[in-house]
Amino acid sequence: MADATEVHSDISPGFGGLSRSKAALVLVAVAVALTLLRYAGLLPDALFRVPEAMVPPFAIWLDAIFNFVKDDLGLLAVTRTLTEGLEWILDATANLLFGKRRWPNLGPIPWTSIAAVAAVIGYYLGGWRMALLAGGTFVWTALIGQWKIAMETMSVLVVAAPLAFVIGLTLGILAWRKPWVNRALKPILSVLQTLPFFTYLLPAVIFFKVGPTAGAVATTIYAIPPMILMTTLGLQKVSPEVVEAGEMSGCSRWQLLRHVYIPSARTEILVGVNQVIMLCLAMVVLTAFIGMPGLGAKLLAMMGSFKLGRSFEIGVTIVLLAVTLDRMSKAWVVKQPEHFEKGTPWWKRHLTLVLAVGLFVFFIIVSQFVEVAATIGRKQNFSQGKEIDTLIKGFLNIDAVKAVTGFLRAFLNVQVLIPFRNFLLSIPTPALILLVTAFALWLGGRKQAILAAVFFSLVALSGWWDRSVITLYSVISAVALAMIIGLPLGIWAARTERWSKRILLVCDTAQTFPSFVYLIPAIMLFGITDIAVIFSILIFAMVPLTRYTIEGLRSVPEEMTEAADMSGATRMQKLINVQLPLALPTMAVGVNQAIMFAFFMVIIAAFIGTQDLGQELQRTLAGTDLGKNFVLGICVSLMALTFDLTILKWASDQKKALGLGD
């Protein structure tokens, strides 16, 4: 297997007649020479960093374009008109869910009614376990005293998710119908999926006002891309035979779409719905940075004042909501539509709806006579924030824990992380660009190398090179540490079916956690330090690494492992010579996702206090510097896209070389 990989790499062209590996070595040699010249004091300053005079004023140009679009073309007036309609919808959901004094003046809905309906829907989708999870989540939220802030979050989520679904479905159908729309959308979606979330927030604030309206807009835009991609994919996979049957029955184009294509693409579309819901929940928590009230704002405030007990409770609520919404939407994906015999009574065909409405009305009536069934006051809840805070601080004061965290802070910070950061900053800009280009050439090929050189050159010309390098340092450090832990864990778990299922269940659950939650253990253990930043990214990035390692090893064809067993190979020989080479393309996808997760998380970790692009992006939210915001966001996107395109290309090439398909 290793021979196939090597031949494939060498055959692929590099530059100037050299193979890819040799051309990459030449680029590395030039980069090393430039770095050594810098260390010797012989490299001109202009070759160390791009001189300020040569940095194009991208931010000023973008500001001019935005101002022209906003004021001269009247986009601000249009968005403010749309804001009024969106505000009206958000006021209505807020009134219903937590009692904001707006139309229709019917709220708030009692927590018992919402918990009962959630339990009924959970039972319909996944039986008693799902009912307990769904109902129990809302019961916990009420009893712990977080109902109002949770409903503030949900009031935006129930608007943003359907909006993202409708817009994404429409654009996905359009991209499927019109190839030119698909070609135009692909690069836009690639950039949108790698842009840091701060880049979504500032335009939303400028065009749609601070608060829930801007939060809903930013959340909707953030969640649209996967819906477009899954809709297009699902419609493209519809069998031609099914379409022919629809045409032969005399269906019009609209009837074909409604009754043939969309039902046939149901699974992919519902997977898109699941991703929309999860992204909406993740983003609606992060919109706390632009004045959006709710769970995110409360968590931000509690973490800022170092109230770890309350932070922990709010984190649990966010996780429970995320897991509940994820499990229920996934159950909806696999649940097949129910069919009834002709003449079945209406209430039997819609038993779940009847039961949900009945319980909803019942608890509304009960809440009129039993106050605790409607709302749970501050003195009635079971919040143990202070007690948990005391326990956490007591745990952190244990000598053994202090010794371990102190050693890690001293060793990793002083001996590993800071020297590595300083080393990256000491490399001349053209040398680092050449190193990244060499990596892309060796792994992905000529096209990926050209894109890497162009992307990182644009980052260099942005004027934010040092901040970008610090961002890159955080990503590389966290992913490297995650690989040291995650890959062996995945290899070990893949040995048995039982442990594979257990670890994959943990990965599935952890992947539903909104990113903010990962900051809590990092701050608890390491305070506001560099290692806390790396630790929060590490645990976030470890999930896809472990998951794809297990899936890659478990998907190795049985005949290959049987052949190794028959040849007398030991378990270790079988792993190194058969299983790992065949699993590497799948594992590479896991590494790629870990890098993407790390780029996302490093921006959120700016809350801890960093010196990277995330910190600068966070500062832009305090003003209206939209040009600078976009320049910083594009820098993150370009670096992330470089690794994304390169690693996925390598994984695709390896699958073909190993005869595993694309």
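Residues numbered from 1 in each chain as written. Predicted model: local features only at pLDDT ≥ 70, side-chain atom pairs only at ≥ 80, totals over all residues. Heavy atoms only, no water.

An account of the overall build of the chain is needed here, citing residue identities and associated values.
Of regular secondary structure, the chain possesses 29 helices and zero strands. Seen through its C-alpha atoms, the chain measures out along the principal axes to roughly 85 × 65 × 60 Å. Buried positions account for 49% of the 662 residues belonging to the chain. Considering only intrachain contacts with a sequence separation of at least 6, the fraction spanning at least 24 residues in the chain is 79%. If you sum the accessible surface of the chain, you get close to 31600 Å²; carbon and sulfur atoms cover 67% of it. Taking the average place of the 52 positive charges on the side chains of the chain and the average place of its 39 negative ones, the gap between the two points comes to 5 Å. (Helix = DSSP H or I, 4+ residues; strand = E, 2+ residues; numbered from the N terminus. Buried < 20%, exposed > 50% of the residue type's maximum accessible area, 1.4 Å probe, protein only. Contact = heavy atoms within 4.5 Å. Areas by Shrake-Rupley, 256 points an atom, 1.4 Å probe, with all protein chains shown as cover. Lys, Arg positive; Asp, Glu negative; His and termini not counted. Charge placed at Lys NZ, Arg CZ, Asp CG, Glu CD.)

Outline the nonpolar core, supporting the account with residue identities and numerical values.
One finds Met 151, Phe 197, Leu 201, Phe 516, Leu 519, Ile 595 and Phe 599 to be the most contacted residues of the largest nonpolar core, which totals 194 residues. With 19 residues, helix H27 (residues 571-604) is the single largest residue contributor to this core. Residues contacting Ile 595, with those up to four places away along its chain left out, are Val 475, Val 479, Phe 643 and Ile 647. Formed by six residues, the second largest nonpolar core is a distinct cluster that contains Ala 24, Leu 27, Leu 441 and Ala 449. (Core = buried A, V, L, I, M, F, W, Y, C linked by side-chain atoms within 4.5 Å.)

Residues and numbers for the packing of helix H5 (residues 75-98) against helix H7 (residues 147-177), please.
Interhelical geometry of H5 versus H7 gives an angle of 140° and a closest axis separation of 9 Å. Considering their axes alone, H5 and H7 lie oblique with respect to each other. Remark: the crossing between H5 and H7 carries right-handed chirality. Counting all contacts with H5, which are made through Leu 86, Ile 89, Leu 90, Thr 93, Ala 94, Leu 97 and Phe 98, the residues of H7 involved are Trp 147, Lys 148, Met 151, Glu 152, Met 154, Ser 155, Val 156, Val 158, Val 159 and Leu 163. Looking at the contact of H5 with H7, its residues break down into 13 nonpolar, two polar and two charged. (Axes fitted to C-alpha atoms, helices over the stretch in contact; angles between N-to-C directions. Parallel < 35°, antiparallel > 145°, perpendicular 65-115°, else oblique. Left-handed = near helix turned anticlockwise from the far one by under 90°. Nonpolar A, V, L, I, M, F, W, Y, C, P; charged D, E, K, R; others polar.)

An account of helix H15 (residues 308-334) is needed here, citing residue identities and associated values.
Along an α-helix, residues three or four positions apart point the same way, because every turn accommodates 3.6 residues. The terminal C-alpha atoms of H15 lie 38 Å apart, and with 27 residues this matches the ideal 39 Å at 1.5 Å per residue to within 8%. For H15, the tally of buried residues reaches 19 of 27 residues, placing the bulk of the element in the interior. (Expected span 1.5 Å × (residues − 1).)

Break down the side chain of Thr 546 for me, citing the residues and quoting the values.
Note that Thr 546 resides in helix H25 (residues 530-554). When its relative accessible area of 2% is taken as the criterion, Thr 546 is described as buried. Not counting chain neighbours up to four residues away, the residues in contact with Thr 546 comprise Gly 486, Leu 489, Gly 490, Ile 503 and Cys 507.

Run through a nonpolar patch on the surface, naming residues and quoting values.
Together, Trp 346, Trp 347, Leu 351, Leu 353, Val 354, Val 357, Val 361, Ile 365, Phe 369, Val 370 and Val 372 give the surface a local cluster of nonpolar side chains, amounting to about 1100 Å² of exposed area. Of all the elements, helix H17 (residues 351-369) adds the most residues to the nonpolar patch, at seven residues. Here Val 357 lies in helix H17. Val 357 sits in the partly exposed class, given a relative accessible area of 45%. (Patch = residues over 30% accessible without salt bridge, like charges linked within 9 Å, V, L, I, M, F, W, Y side chains within 5 Å. Salt bridge = Lys/Arg side-chain N within 4 Å of Asp/Glu carboxyl O.)

Before we move on, can you summarise the packing of H7 against helix H12 (residues 253-264) with the specific residues and values?
Two numbers describe how H7 lies on H12: the axes approach to 14 Å, and their chain directions differ by 110°. Here H12 runs roughly perpendicular to H7, going by the angle between their axes. Contacts from Ile 173, Trp 176 and Arg 177 in H7 reach Arg 253, Leu 257, Tyr 261 and Ile 262 in H12. Looking at the contact of H7 with H12 residue by residue, the class counts come to five nonpolar, no polar and two charged.

Before we move on, could you go through the packing of aromatic side chains and cite the residues and values that matter?
Under the definition given, this model contains 22 aromatic pairs. Chaining the aromatic ring pairs together yields one cluster made of Phe 197, Phe 198, Tyr 200, Tyr 222, Phe 289, Phe 513, Tyr 518, Phe 540, Phe 597 and Phe 600. In this structure, Arg 38 packs its charged tip against the face of Phe 48, placed 3.7 Å from the ring centre. Its guanidinium or amino end placed over the ring of Tyr 124, Lys 335 lies 4.6 Å from that ring's centre, counting from NZ or CZ. (Phe/Tyr/Trp six-rings, centres within 6.5 Å; stacked < 30°, edge-to-face > 60°. Lys NZ or Arg CZ within 6 Å of the ring centre and 35° of its normal.)

Tell me about the pattern of salt bridges, and name the residues and values.
Scanning the model with the defined rule gives 16 salt bridges in all. Between Arg 327 and Asp 326 there is a salt bridge; the shortest N-O distance is 3.0 Å. One exposure class covers both Arg 327 and Asp 326, and it is buried.

Can you lay out helix H22 (residues 465-493) for me, pointing to particular residues and giving the numbers?
Here H22 contains 29 residues, and its C-alpha end-to-end distance of 40 Å stays within 8% of the 42 Å for a straight helix at 1.5 Å per residue. The sharpest bend along H22 reaches about 30° and sits at Met 483. (Bend = angle between axes of the 7 residues up to and from the residue.)

Talk me through the side chain of Thr 471; I want residue IDs and the actual numbers.
Of note, Thr 471 is situated in helix H22. Among the polar contacts listed, one links the side chain of Thr 471 to the backbone nitrogen of Leu 613, at a separation of 3.1 Å. With near-sequence residues (within four places) excluded, Thr 471 lies in contact with Phe 599, Val 602, Asp 612, Leu 613 and Met 639. (Polar contact = N/O pair within 3.5 Å; in protein donor to acceptor, adjacent residues only side chain to side chain.)

Describe the confidence of the model for the chain, and please don't skip the residues or the numbers.
Mean pLDDT over the chain: 87, with 97% of residues reaching 70 or higher. Considering only residues more than four positions removed or in separate chains, one finds that residues 1-11, a stretch of pLDDT under 50, has 14 contacts. (pLDDT = per-residue confidence, 0-100.)

Which residues make up the environment of Ser 457, and what are the values?
With respect to the helices, strands and loops of the structure, Ser 457 is situated in helix H21 (residues 446-461). The class for Ser 457 is partly exposed, based on a relative accessible area of 29%. Taking the C-alpha atoms as reference points, Ser 457 and Ile 433, 24 residues apart in sequence, are found 6.9 Å from one another.

So what's going on with the environment of Arg 467? Which residues, and what values?
Mapped onto the secondary structure, Arg 467 falls in helix H22. Leaving out residues up to four positions away in the same chain, Arg 467 has contacts with Gln 611, Asp 612, Leu 613, Gln 615, Glu 616 and Arg 619. A polar atom in the side chain of Arg 467 sits 3.1 Å from the backbone oxygen of Gln 611.

So what about the environment of Ile 647? Which residues, and what values?
By the element assignment, Ile 647 lies in helix H29 (residues 626-657). What makes Ile 647 buried here is its relative accessible area of 6%. Sequence-wise, Ile 647 and Val 589 are 58 residues apart; in three dimensions their C-alpha atoms are separated by 7.3 Å. Those residues in contact with Ile 647, other than ones at most four positions away along the chain, are Leu 443, Ala 588, Val 591, Asn 592 and Ile 595.

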